[in-house]
Amino acid sequence: QVQLVESGGALVQAGGSLRLSCAASELAFSRYNMAWFRQAPGKEREFVSRISRTGLSTSYADSVKGRFTISRDNVQKKVFLQINSLKPEDTAVYLCAARQDNYGEYDFWGQGTQVTVSS
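Residues numbered from 1 in each chain as written. Predicted model: local features only at pLDDT ≥ 70, side-chain atom pairs only at ≥ 80, totals over all residues. Heavy atoms only, no water.

Considering the state of the cysteines
- Within this structure, the stated rule accounts for one disulfide.
- Each sulfur in the disulfide pair Cys22 and Cys96 lies 1.9 Å from the other. As the torsion about the S-S bond is roughly 45°, the Cys22-Cys96 disulfide counts as right-handed. Here Cys96 lies in strand 9 (residues 92-99) and Cys22 lies in strand 3 (residues 18-25), a separation of 74 residues in the sequence. Each member of the pair, Cys22 as well as Cys96, is classed as buried. (Disulfide = S-S within 2.5 Å. Helix = DSSP H or I, 4+ residues; strand = E, 2+ residues; numbered from the N terminus. Buried < 20%, exposed > 50% of the residue type's maximum accessible area, 1.4 Å probe, protein only.)

As structure tokens, then:
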């Protein structure tokens, strides 16, 4: 069983920055494609960013492109999401996810970390 634990969420002012982390355990981490999603109250889960096994390929939702940066450390077994220029609409629970395939459903999910942006 794979465990994913997010951290780093906080209450911040608009324009500020955060660095979210996702730590994996009991996982051959380098075999997995990783991703970040977010879900705000009353909204459907939204894709934020993904990163390939090696970290050489990344992708971002249009809403966050240019402000968010995803990265990974396969030695520490962690995925990071650097968030800059925060906007109130970024407020959500941020979850990391893992899958072995390059497409389809994500198989493992963390519990999420809350990001709240005030104006």
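Observations concerning the pairing of strand 8 (residues 78-83)
- By the bridge criterion, six bridges tie strand 3 to strand 8 in an arrangement that is antiparallel. For Ser21, the partnering residue across the bridge sits in strand 8 and is Phe80.
- In this structure, strand 7 (residues 68-73) lies alongside strand 8, joined through six bridges in antiparallel fashion. If you follow Arg72 over to strand 8, its bridge partner there is Val79.
- Counting the residues in the hairpin turn of strand 7 and strand 8 gives four residues, including Lys77, whose phi is positive at 60°. (Pairing = 2+ DSSP bridges.)

Just geometry here; none of it tells us what the structure is for.
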